[in-house]
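Each chain, letter by letter, is given below.
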Amino acid sequence: MEIRKGIPVSPGIAIAEAVVLDSKDWRIPRRAILPSQRDAEVQRVHQAFTDALKTLDTIEDRQTVDARSIKDIFAVHRRFLQDSSLRRRITQYITDELVTAEYAVSTILRDVAMHFASFKDRYIRERAADIYDIQRRLLEQLVGRVTAEVEHLEREVVVIAHDLTPTQTASFNKTYVRGFATDAGGRTSHTAIVARSLGIPAVVALEDITSHVTTESTVIIDGNRGVVVVDPDEATIQEYRDYAERLHRFETRLVALRDEPAVTRDGVHLTLLGNIEFPEEAALVKERGGEGIGLYRTEFLYLYGGTEPTEEDHYHAYAQAVQAFPDRPVVIRTMDLGADKVPSTQRPYREPNPVLGLRSIRYCLHHLSLFKTQLRAILRASVLGDVHIMFPLITNLQELRQARMILRDVMEDLDEEAVSYNPSMPVGIMVETPSAALTASMLAMHCDFFSIGTNDLIQYTLAVDRANEYVSSLYSFADPAVLGLLRHVIHDANKAKIGLTVCGEIASEPEYIMLLLGMGVRTLSLAPPMLPEVKQIVRSVTIEDCNDVARRVTAMEAQRQIKNFVRAAAAKILPEAF
Ligand code: PEP
Ligand code: MG
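Keep in mind the model is a prediction, meaning the values are calculated, not measured. Throughout, residues of each chain are indexed from 1 in the direction in which the sequence is written. Here every chain gets a letter starting at A, and every ligand a number starting at 1, in the order they are written. Given that this is a predicted model, residues contribute local features only at a pLDDT of at least 70 and side-chain atom pairs are listed and counted only at 80 or more, while totals for whole chains, interfaces and linings are drawn from all residues. To obtain the side-chain values, all non-hydrogen atoms of the structure were included, while hydrogens and water were left out.

## Concerning the coordination of the magnesium ion (ligand 2)
Quick reminder of the rule: Any nitrogen, oxygen or sulfur atom within 2.8 Å of a metal ion counts as a donor, with the limit raised to 3.2 Å for Na, K and Ca, and since water is left out, coordination shells can look unfinished. The helix count covers DSSP runs of H or I at least four residues long, the strand count covers runs of E at least two residues long, and both are numbered beginning at the N terminus.
For the magnesium ion (ligand 2), the full set of protein donor atoms is Glu432 (OE) and Asp456 (OD), at a range of 2.0 to 2.1 Å. Of this pair, Glu432 sits in the loop between strand 13 (427-431) and helix 15 (434-438) while Asp456 sits in helix 17 (residues 454-462), placing them 24 residues apart in sequence.

## Re the state of the cysteines
Condition: Only a pair of cysteine sulfur atoms within 2.5 Å qualifies as a disulfide here.
What the rule picks out here adds up to zero disulfides. Cys364 forms no disulfide, and the closest cysteine sulfur to it belongs to Cys503, at a distance of 16 Å.

## Some remarks on the side chain of Asp336
What counts, and what does not: We call two N or O atoms a polar contact when they sit within 3.5 Å, provided that within protein one can donate a hydrogen and the other can accept it, with sequence-adjacent residues counted only if both atoms are side-chain atoms. Any two residues whose heavy atoms approach within 4.5 Å at even a single point are treated as in contact.
Here Asp336 is to be found in the loop between strand 11 (329-333) and helix 12 (361-366). Among the polar contacts made by the side chain of Asp336, one reaches the side chain of Ser360 at a distance of 2.3 Å. If we skip the residues at most four places from it in the chain, Asp336 touches Glu299, Lys341, Arg359, Ser360 and Pro392.

## Focus on the domain arrangement of the protein
Stated formally: Segmentation into domains, and thus their bounds, comes from an automatic or database assignment. Once two parts are put together, the accessible area they lose, assessed with a 1.4 Å probe and summed over both, is termed the buried area. Between Lys or Arg on one side and Asp or Glu on the other, a salt bridge is scored when a side-chain nitrogen of the former is within 4 Å of a carboxyl oxygen of the latter.
The assigned domain composition of the protein is domain 1 (2-24 + 148-233), domain 2 (35-143) and domain 3 (255-577). Averaged C-alpha coordinates put domain 1 and domain 3 at centres separated by 26 Å. On the side of domain 3, 24 residues touch domain 1, which itself brings 20 residues to the contact. Summing the contributions of domain 1 and of domain 3, the shared interface buries around 1,900 Å²; its carbon and sulfur component is 59%. On the domain 1 side of the contact with domain 3, Thr188, His190 and Ser197 bury the most area, a combined 31% of that side's loss. For the interface between domain 1 and domain 3, the tally reads two salt bridges. Close ionic contact of Arg187 with Glu509 constitutes a salt bridge, the shortest N to O distance being 2.6 Å. On the surface where domain 1 and domain 3 come into contact, there are nine residue pairs in polar contact (both at pLDDT 80 or more). Among the elements of the structure, helix 6 (166-170) and helix 7 (190-198) are those that each provide at least two residues to the side of domain 1 that touches domain 3.

## Structural notes on the environment of Leu384
Turning to its location among the elements, Leu384 is positioned in the loop between helix 13 (368-381) and strand 12 (386-391). Measuring from C-alpha to C-alpha, the distance between Leu384 and Tyr318 comes to 9.4 Å, with 66 residues separating the pair along the chain. In contact with Leu384, other than residues within four places in its own chain, are Tyr315, Ala319, Val322 and Pro326.

## Points about unusual backbone geometry
In this model, Ala205 sits at a positive phi of 60°, which is unusual for a non-glycine residue. Relative to the assigned elements, Ala205 resides in the loop between strand 6 (202-204) and strand 7 (218-222).

## A short note on the pairing of strand 11
Keep this limit in mind: Only protein chains enter the accessibility calculation, which uses a 1.4 Å probe. A residue is then buried if its area is under 20% of the maximum for its type, exposed if over 50%, and partly exposed in between. A pair of strands counts as paired when DSSP detects no fewer than two bridges linking them.
Burial analysis of strand 11 places five of its five residues in the buried class, which makes it a mostly covered element. Covered by surrounding structure in strand 11 are Pro329, Val331 and Arg333 together with Val330 and Ile332, the residues of both alternating faces. With five bridges joining them, strand 11 and strand 12 adopt parallel strand pairing. Its bridge partner lying in strand 12, Val330 is registered against Val387.

## Structural notes on the site of ligand 1
Where we set the bar: Residues are counted as near a molecule or strand when any one of their heavy atoms sits within 4 Å of it. Each residue receives one of three labels: charged for Asp, Glu, Lys and Arg, nonpolar for Ala, Val, Leu, Ile, Met, Phe, Trp, Tyr, Cys and Pro, and polar for the others, Gly being one of them.
Lining the immediate environment of ligand 1, one finds 16 residues, of which Arg297, Arg333, Gly453, Asn455 and Arg466 sit closest. Here an oxygen atom of ligand 1 and a side-chain polar atom of Arg297 are 2.7 Å apart. When contributions to the shell around ligand 1 are tallied by element, the ones reaching two or more residues are helix 7, strand 10 (293-297) and helix 17. The element contributing the most residues to the shell around ligand 1 is helix 17, with three residues. Partitioned by chemical class, the residues of the shell around ligand 1 number four nonpolar, five polar and seven charged.

## Regarding the packing of helix 11 (residues 311-324) against helix 13
Put simply, the rule is: The convention used is that axes are lines fitted to C-alpha atoms, helices contributing only their stretch in contact, and that angles between N-to-C directions extend from 0 to 180 degrees. By definition, turning the near helix anticlockwise from the far helix through less than a right angle yields a left-handed crossing, and turning it clockwise yields a right-handed one.
Their axes nearest at 8 Å, the elements helix 11 and helix 13 cross at an angle of 40°. With respect to the hand of their crossing, helix 11 and helix 13 are arranged in right-handed fashion. Here Glu311, Glu312, His314, Tyr315 and Tyr318 of helix 11 lie close against helix 13, whose contacting residues are Thr373, Gln374, Arg376, Ala377, Ile378, Arg380 and Ala381. Split into classes, the residues belonging to the contact of helix 11 with helix 13 amount to five nonpolar, three polar and four charged.

## Focus: a negative patch on the surface
Short version of the rule: Note on patches: the residues involved have over 30% relative accessible area and no salt bridge, like charges join within 9 Å, and the nonpolar side chains Val, Leu, Ile, Met, Phe, Trp and Tyr join within 5 Å. For the area figures, the Shrake-Rupley method with a 1.4 Å probe applies, and any residue is considered shielded solely by the protein chains shown. A residue counts as positive if it is Lys or Arg and as negative if it is Asp or Glu; His and the chain ends are not included. Note on charges: their place is set at NZ of Lys, CZ of Arg, CG of Asp or CD of Glu.
Together, Asp233, Glu234, Glu239 and Asp242 make up a region of like negative charge exposed at the surface. Tracing the sequence through the fold places Glu234 in helix 8 (residues 234-255).

## As for the environment of Ile293
Tracing the backbone shows Ile293 in strand 10. By relative accessible area, which is 0% here, Ile293 ends up buried. Between the C-alpha atoms of Ile293 and Arg328, which are 35 residues apart in sequence, the distance is 8.0 Å.

## Comments concerning helix 17
Helix 17 sits mainly inside the fold: seven of its nine residues count as buried. Regarding helix 17, the residues found buried are Thr454, Asn455, Asp456, Leu457, Ile458, Gln459 and Tyr460. In this structure, the buried side of helix 17 is in contact with helix 7, strand 10, helix 15, strand 14 (449-452), helix 18 (480-496) and strand 15 (499-502). The positive-phi residue at the C-terminal boundary of helix 17 is Ala463, with phi of around 55°.

## A short note on the nonpolar core
Our working rule: Remark: nonpolar core denotes a set of buried residues (Ala, Val, Leu, Ile, Met, Phe, Trp, Tyr, Cys) joined through side-chain atoms within 4.5 Å.
Ranked by internal contacts, the top residues of the largest apolar core, which has 132 residues, are Phe180, Phe371, Phe391, Phe450, Phe477, Leu515 and Leu524. Looking at which element gives the most residues to this core, the answer is helix 14 (residues 397-416), with eight residues. If you count residues domain by domain, this core takes at least three from each of domain 1 (2-24 + 148-233) and domain 3 (255-577). For Leu515, the contacting residues outside a window of four places in its chain are Phe477, Leu483, Val549, Ala550, Val553 and Val566.

## Some details on the packing of aromatic side chains
We apply this condition: To pair, rings of Phe, Tyr and Trp, with the six-membered ring standing in for Trp, must have centres within 6.5 Å; the planes then decide the type, stacked if under 30 degrees apart, edge-to-face if over 60, and tilted in the middle. Any Lys NZ or Arg CZ that is within 6 Å of a ring centre and within 35 degrees of that ring's normal is treated as a charge sitting over the ring.
Under the counting rule described, the total for this entry stands at eight aromatic pairs. Geometrically, the ring pair formed by Tyr240 and Tyr243 is edge-to-face, given 6.4 Å between the ring centres and 75° between the ring planes. Of this pair, Tyr240 and Tyr243 both sit in helix 8, separated by three residues, roughly a single helical turn. Owing to a relative accessible area of 8%, Tyr240 belongs among the buried residues under this scheme. Between Phe477 and Tyr512, the aromatic rings sit 5.1 Å apart at their centres with planes inclined by 80°, giving edge-to-face as the arrangement. In this pair, Phe477 sits in the loop between helix 17 and helix 18 while Tyr512 sits in the loop between strand 15 and helix 19 (513-518), placing the two residues 35 residues apart along the sequence. Accessibility assignment for this pair places Phe477 and Tyr512 in one class, buried. One Lys or Arg, Arg127, reaches over the ring of Tyr123 and ends 4.4 Å from the middle of that ring. The ring of Tyr315 carries Arg380 above its face, with NZ or CZ at 4.3 Å from the centroid.

Okay, here's the thing in structure tokens:
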């Protein structure tokens, strides 16, 4: 039994057999197999060679250039793939060392490549590149097959991977993928956000969990405490089953709050909204007692499926979300593509710093026709309910003006076509960069509401990548600089009398709710599974208590001191949540 600690990103307990997903773009960790798995791994190697050869034939058939040099490369690759001594070395390595097919392929081919690279003869030396190419081809077969299997599972598993993209996570079938754990990732990475929305327990930033788990071994994922137990003994499994049962009872009690208002003990009403990535989740928000949608991350329409969404695809998705809340706000955020959210239909840009690059509103302004298609659909949906539109990652007034101008253009197009829309649909922005926070008073004059995106605001204020496990200890909401910016934005929004919501993950962290309320926040938007717990906290506090927490935090200088203080204050109110 082995216990490892990472960052808990999605609550819940999962106990199941593991499936380990290697990544062909990442080093393959050494992973042991059981003697009983040896034959199956050897068979996988033979299959991978056969399939790689077939793929090579297909690529060569499609080749239109008849150059001799290209033919030579194919011939070399074919020779290596047909070489029975190479296969024998790999399968022997599996048999002797009891390691996975992926590890054997990557190790043996790397040894062969290094051997070639050490030759004086230039022709032989250059064959090293071919060997690495063949290694990639074989890993593509091996890894690709397991990835495809995860998409078509028919048994319960937990997925262990180096990292997962938001799209991969979103494609998991919740019935069978009970949880996941990754080497990489951070608390507010988009993969974590998707896990939370789907209610799949997850732990990230375990650094080398992929080296410690063998496919088919039993793994416990504790998404509440950030713990992963590999090969647990019977007593530990029972302990976790009991804990899961206690959590389940606690949740059932909370769900009963669904129809109660989010009101503090001294009578102050709050609005609790839901964050969604897919339109079907709107129903979950309602079921969990949310009063509308505070953030619809529409970029997932582009991340899923192999084709670009049409105006009708957009419209149907928005109509479905509005249907769940015909009389309540539904805030549709225009696509926040770029950085870690790359559409499957576009080749990713080669950007040295994608998080500082062509993402979000910048991406929209760069792809006007894509942007206009989405705006048309949002405007058409605006007559179905209380639809709001929101632009992400606004960093200056020019960007907001430009986005609004394009929105006006699209309105004119719809006027000409006699298509109806709500001309006074509220227009808001995400405040998620220090520049937007510092110029909030100016931006407030040009929009109807702010939604504070703390996930990015923390990242950009503290210069800490939100998805990087190596700097995750520096990523904190409880930083005096972040809190200072938040106070500033709340003050400016109140002064301008415009709406204000906090929609970053912080709005679903039980320990920070009192602080947010004490700072003057009255609308929170969060992942649907967390709504009942946050409502319970709201109903357990008085605004006076919250004001006191916020006042005392103002005098504190250190992140850790603030974090410990707010946690202790919240734990007094709802000990079960900690
Ligand atoms: C945020 O940055 O806080 C936010 C809500 O947007 P996203 O997590 O989608 O970047
Ligand atoms: Mg953001």
